Amino acid sequence: MGASLPPKEANLFKVIAKSYETKQYKKGLKAADSILKKFPDHGETLSMKGLTLNCMDRKAEAYELVRLGLKNDLKSHVCWHVYGLLYRSDRDYREAIKCYRNALKIDPDNIEILRDLSLLQVQMRDLTGFVETRQQLLTLKPNHRMNWIGFAVAHHINLNASKTIDILEAYEGTLEDDYPPDNERCEHGEMLLYKISLMEECGLLERALEELHKKESKIVDKLAYKELEVSLLVKLGHLEEGEQLCRMLLAMNPDNYRYYQILQKCVGLPSDTPQYSPDEIIRLEALYKSLGKKYIQSSAVKRIPLDFLSDDKFQKAADDYIRPLLTKGVPSLFSDLCPLYDHPGKADILEHLILGLEHSIRTTGGYAGRMEKEPPSTLLWTLFYLAQHYERHGQYDTALAKIDEAIKHTPTVIDLYSVKARILKHAGDFVAAAALADEARCMDLADRYINSECVKRMLQADQVALAEKIAVLFTKDGDQHNNLHDMQCMWYELASGESYFRQGDLGRALKKFLAVEKHYADITEDQFDFHSYCLRKMTLRTYVEMLKFQDQLHSHDYFHKAASGAIRCYIKLYSSPPKLAADEDDERSKLLPSQKKKMRQKQRKAEARAKKVAEVKNEELSFSGVPKSGKRHVKQVDLDPNGEKLLKVEDPLLEATKYLKLLQKHSPDSLETHLLSFELNMRKKKILLAFQAVKQLLRLNAENPNSHCCLIRFFHKLGDMPAPVSETEKLIWAVLEAERPTLSQLHGKSILEANSLFLKKHEGSLMHRAAAADMLYSLDSSRRAEAVKLIEDSSNNVVSIDGALGPVNEWKLKDCIAVHRLLGTTLSDHDAALRWKERCAQYFPYSTYFEGRHSSASPNSAYNLIRTDTENGDTALSDAGHGGEPIWSNGKLEEPETFKDLVI
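The model shown is predicted, which means the values in this text are computed figures rather than measured ones.

Along the backbone of the protein there are 46 helices and two strands. Buried residues in the protein amount to 47% of all 904 residues. Sequence separation of at least 24 residues holds for 60% of the intrachain contacts in the protein that already meet a minimum separation of 6. On the protein, roughly 45,700 Å² of surface is accessible, and the fraction owed to carbon and sulfur atoms is 52%.

Here it is, written out as structure tokens:
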């Protein structure tokens, strides 16, 4: 570097490089300017100056200088390397790799460039190139530990674990007998555990166990050693040794559920099946009874038997488990026992058990069979459990009666208000739920969880502005909304995005959904720093797990919701585009010249004012002084807070396709992925892709109402298309004609007949009847009355649910809302929609959508009477922190989305 310069300037060039590494950017700039005074065309100095400016957020100047430096010295590996670093800082990894490869053509043995190239290759998952680069690094510097480890890991992630073992053993062969020294024992032990886990992965179990015992003295992490040893023993069938070791692990941590599963395998009992034979249950019962005597304080040893016991034994074990937790007042008891509700018969037993405990406490003040009196709080937590029990079964009247009694018993317990808010939310009264959640929040303003629960309820009630004010209470001072984004608070952004979408504010909704998508891009980017760190610190097992996690990152539920939300926004934007600039120009052309002049002046003033405000905010948010590094940490002001620029996209469907491809790759088994694919490709007139989506829907769930609708709509649309003319159209038509007989739903039947058969097969289901009625009207608009009658003739059957106190109606609130929207919009029968609303108001008395008699949307509801008292000065539900504004002032909620939101 700087070899073409005189000695003095060559030393200054070294100062530039050192200043860049130590982040003393001003010092580096001064040295660069000194060289450029005498040698203004020196390419490497120009490049290093550009790199320094890039670190000071002066990107435009940086790129200009680096390109100029490269132009002046195309054969300098320094210039190409710097150009690659510039692209890397902007996350343009593909261009950075090209620059590094050009640098290596000039200096093929440059260690630093090779190391940087390898990091980019593993980041981009160019695994073949990664292996080659790490091999070259090892060849150039074989006495460096990190090069051996990097080469080994490269083969592992390239699915060649056996080669990785060979490399690690070759590396160990280069070490001395007394290795490692004290300061490297942890790192070396991690490497040994990694090697042995690879042997286990390759099925070399005997060899792995032998190596583990041989290297025991050199492994520092004794817990990981024991866990790996017991895993190998169980796989090898050495169950007695495995049992002894597993009991040692349980002595260390008797609440680790995984240890109990391993112990079951060791004693010859299955641990991964929901069903056990009577003999297995007897043996399991004896095992956990003996363990319970040994680990008296362990909750796991008492909870696990509830999964396999039944009938009287289950009741006895559940009674012993529940009583002390009710006495102690454990709010999470219902969450703990909730999985048992999926076991046939156990919900009934739990209900009778808890009701018996409630009756005993009310009558005698204690549990049956015991002389000791229970504290008053035991009744409170019993009622608390029962409220959640009945809420789970949809018996909201009973649940609310229980929770109201609990609140009357002890009005100061915050959990009671949170659970009551959740009951009301599920019952359909989002406004009252938000009010109760806010009351719980006001009881403990320092509790972040309660604050978040309140925000969630308010967003569900579409009280976005109020929710934002409360959400920022736990953020840092200053730009608080940006703090929420910086904290990657995805649940908040998703909930607010859905609220904006329900309210029709597509700009803000898109902004929230795309913010979540950006978080995932940042998470992907954040792995970059770990590629070198993990190899250096030898956390190899965790590093490989992290890479596997990153490969599946976009299959995460939050990303799926964000991408789906963005696609729905773009589809609606395509169906109802905002006013185009051309239309605005036409309107403007009708104005008088003086009016046009005034409009232009007003626009210029508004733009100048907005720019000035942004500059002032940027100055306020920047540090008052510039650090020694010369880099100003400035938080840019959001110039598009309402997402208006996002609405000006030229091709909404093209933008939606970007996110759809990610969903198709990472969530191929989600019904929603293929529903969105169908809607999108039908609008894009991509017939084969739309048919592919239909086939995927039928593969996943052919009986789903949405799958049926897409099938019928597709072939109905196909029938309305003109005859094919071009060769391409004829080929597509031939493919579809050949595929149609393969669909059992349409084989030898017309689409009307297929719709009738679907209805006959599912005539007892409300949503299936609604889907059939929708398709009937779509196929023949003259049969609207028949379609409406088909829906109105649906009966809300009463079903018996395990653990429910009496029968429960079959219809769900969200389904009834979807049907109401179908009647009012698609079928355009407002009288039928009104009749449906009145009918559903009886089934869902707490629903604000249907204005049920107990909901906050009803003028005579308890909540509106409380509001009237509050306005008259009486005490009621707290509206503290809102400036006296009633929390339920939004009125009726917007209708949630259904499958009818996306109609071609």
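Our next topic: unusual backbone geometry. The general pattern is negative phi for most residues beyond glycine and trans for most peptide bonds. Of note, the amide linkage connecting Tyr-179 to Pro-180 takes the cis form, showing an omega dihedral of 10 degrees. Positive phi, normally seen in glycine, also occurs at Ser-828, with a value near 50 degrees. Residue Glu-851 is not a glycine yet carries a positive backbone phi of 55 degrees. Note on placement: Glu-851 falls in the loop between helix 45 (830–843) and helix 46 (862–871). Exposure remark for Glu-851: the relative accessible area of 41% places this residue in the partly exposed category.

Time to look at the packing of helix 11 (residues 185–201) against helix 13 (residues 222–236). Taken N-terminus to C-terminus, the directions of helix 11 and helix 13 make an angle of 15 degrees; their axes are 11 Å apart at the nearest point. When the axis of helix 11 is compared with that of helix 13, the two are roughly parallel. Between helix 11 and helix 13 lies a crossing whose hand is left-handed. In this structure, helix 11 uses Leu-193, Ile-196, Ser-197 and Glu-200 to contact helix 13, whose residues at the interface are Ala-224, Tyr-225, Leu-228, Ser-231, Leu-232 and Lys-235. Residues of the contact of helix 11 with helix 13, tallied by class, amount to six nonpolar, two polar and two charged.

Moving on, we come to the side chain of Arg-457. Relative to the elements of secondary structure, Arg-457 occurs in helix 26 (residues 448–460). Looking at Arg-457, the relative accessible area reads 4%, which means it is buried. Only 3.1 Å separates the side chain of Arg-457 from the side chain of Gln-460, close enough to count as a polar contact.

Mapped onto the elements, Leu-697 comes out in helix 38 (residues 687–701). For the pair Leu-697 and Asp-669, spaced 28 residues apart in sequence, the C-alpha to C-alpha distance is 9.2 Å. In contact with Leu-697, other than residues within four places in its own chain, are Leu-671, His-674, Leu-675, Ala-702, Ser-707 and Cys-710.

Of all the residues in helix 31 (residues 528–537), the buried ones are Phe-528, His-531, Ser-532, Cys-534 and Leu-535. The buried residues of helix 31 all sit within an arc of 165 degrees when viewed along its axis, so they share a single face. Positive backbone phi, approximately 65 degrees, marks Met-538, located one or two places after helix 31.

The subject of this paragraph is the side chain of Ser-76. Among the structural elements, Ser-76 can be located in the loop between helix 4 (59–72) and helix 5 (77–89). One polar contact links Ser-76 to Glu-44, side chain to side chain, over a distance of 2.8 Å.

Once that is clear, we can look at the pattern of salt bridges. According to the stated counting rule, one finds 49 salt bridges in the structure shown. With a closest N to O distance of 3.2 Å, Arg-258 and Glu-227 form a salt bridge. Of the two residues, Arg-258 is situated in helix 15 (residues 257–266) and Glu-227 in helix 13; the sequence distance between them amounts to 31 residues. When the shortest N-O distance is used, the salt bridge between Asp-336 and Arg-303 registers 3.2 Å. Of this pair, Asp-336 sits in helix 20 (residues 333–337) while Arg-303 sits in helix 17 (residues 300–303), and the two are 33 residues apart along the sequence. Taken together, the salt bridges that share partners define one network made up of Arg-91, Lys-518, Asp-522 and Glu-525.

With that settled, the discussion passes to the packing of helix 25 (residues 430–443) against helix 26. The N-to-C vectors of helix 25 and helix 26 enclose an angle of 160 degrees; their axes lie 8 Å apart at closest approach. Regarding the angle of helix 25 to helix 26, the classification is roughly antiparallel. Considering the relative orientation of helix 25 and helix 26, their crossing is left-handed. On the side of helix 25, the interface is formed by Phe-430, Ala-433, Ala-434, Ala-437, Asp-438, Ala-440 and Arg-441, while helix 26 contributes Ile-450, Asn-451, Glu-453, Cys-454, Arg-457, Met-458 and Gln-460. Residue composition of the contact of helix 25 with helix 26, grouped by class: eight nonpolar, two polar and four charged.

Right, let's talk about helix 8 (residues 127–140) for a bit. Taking 1.5 Å of rise per residue, the 14 residues of helix 8 would be expected to cover 20 Å, and the 20 Å separating its terminal C-alpha atoms lies within 8% of that figure. Among all positions in helix 8, only Leu-127, Gly-129, Phe-130, Val-131, Thr-133, Arg-134, Leu-137 and Leu-138 are buried. Buried residues in helix 8 make contact with helix 7 (111–123), helix 9 (145–157) and helix 31.

Turning to a nonpolar patch on the surface, a few remarks are in order. On the surface, Leu-688, Leu-731 and Val-735 cluster together into a nonpolar patch covering about 250 Å² of accessible area. With respect to the helices, strands and loops of the structure, Leu-688 is situated in helix 38.

Taken as a whole and assessed by the stated rule, the structure comprises 20 aromatic pairs. Ring geometry for Trp-381 and Phe-384: centres 5.2 Å apart, planes at 85 degrees, overall edge-to-face. With a gap of three residues between them, Trp-381 and Phe-384 both fall in helix 22 (residues 377–392), about one helical turn apart. Classification of Trp-381 as buried rests on a relative accessible area of 11%. Put simply, the rings of Tyr-260, Tyr-276, Tyr-288 and Phe-308 pair up and form one aromatic cluster. Over the ring of Trp-491 we find Lys-456; its NZ or CZ atom is 5.9 Å from the centre of that ring. The lysine or arginine in question, Arg-740, covers the ring of Phe-715, its NZ or CZ lying 5.1 Å from the ring centre.

Ile-149, Tyr-260, Tyr-288, Leu-291, Ile-322, Leu-337 and Leu-350 are the most contacted members of the largest nonpolar core, which has 163 residues in total. Setting aside residues no more than four positions away along its own chain, Ile-322 makes contact with Leu-333, Leu-337, Leu-350, Leu-353, Ile-354 and Leu-357. One finds Tyr-25, Val-82, Leu-85 and Phe-528 within the second-largest nonpolar core, a separate group that totals 43 residues.

Turning our eyes to something else, we now look at the environment of Lys-30. If you trace the backbone, Lys-30 turns up in helix 2 (residues 25–38). Residue class for Lys-30 comes out exposed when judged on its relative accessible area of 65%. Residues Lys-30 and Lys-49, 19 residues apart in the sequence, show an inter-C-alpha distance of 9.4 Å.

Glancing now at the confidence of the model for the protein. Mean pLDDT over the protein: 87, with 87% of residues reaching 70 or higher. Confidence drops under a pLDDT of 50 for residues 619–633, and excluding neighbours within four residues, the segment shows 24 contacts in the predicted structure. Segment residues 868–904: pLDDT under 50, and 88 contacts once partners within four positions in sequence are set aside and those in other chains are kept.

The next thing to look at is the environment of Lys-425. Structurally, the position occupied by Lys-425 is in helix 24 (residues 414–427). On a C-alpha basis, the gap between Lys-425 and Arg-457 in space is 7.8 Å, while along the polypeptide they are 32 residues apart. Ignoring sequence-local partners within four residues, the contact set of Lys-425 consists of Phe-430, Ala-433, Arg-457 and Gln-460. Reaching out from Lys-425, the side chain makes a polar contact with the side chain of His-426 at a distance of 3.3 Å.

Parameters and conventions
- Residues numbered from 1 in each chain as written.
- Predicted model: local features only at pLDDT ≥ 70, side-chain atom pairs only at ≥ 80, totals over all residues.
- Heavy atoms only, no water.
- Helix = DSSP H or I, 4+ residues; strand = E, 2+ residues; numbered from the N terminus.
- Buried < 20%, exposed > 50% of the residue type's maximum accessible area, 1.4 Å probe, protein only.
- Contact = heavy atoms within 4.5 Å.
- Areas by Shrake-Rupley, 256 points an atom, 1.4 Å probe, with all protein chains shown as cover.
- Axes fitted to C-alpha atoms, helices over the stretch in contact; angles between N-to-C directions.
- Parallel < 35°, antiparallel > 145°, perpendicular 65-115°, else oblique.
- Left-handed = near helix turned anticlockwise from the far one by under 90°.
- Nonpolar A, V, L, I, M, F, W, Y, C, P; charged D, E, K, R; others polar.
- Polar contact = N/O pair within 3.5 Å; in protein donor to acceptor, adjacent residues only side chain to side chain.
- Arc of directions from axis to C-beta.
- Salt bridge = Lys/Arg side-chain N within 4 Å of Asp/Glu carboxyl O.
- Expected span 1.5 Å × (residues − 1).
- Patch = residues over 30% accessible without salt bridge, like charges linked within 9 Å, V, L, I, M, F, W, Y side chains within 5 Å.
- Phe/Tyr/Trp six-rings, centres within 6.5 Å; stacked < 30°, edge-to-face > 60°.
- Lys NZ or Arg CZ within 6 Å of the ring centre and 35° of its normal.
- Core = buried A, V, L, I, M, F, W, Y, C linked by side-chain atoms within 4.5 Å.
- pLDDT = per-residue confidence, 0-100.

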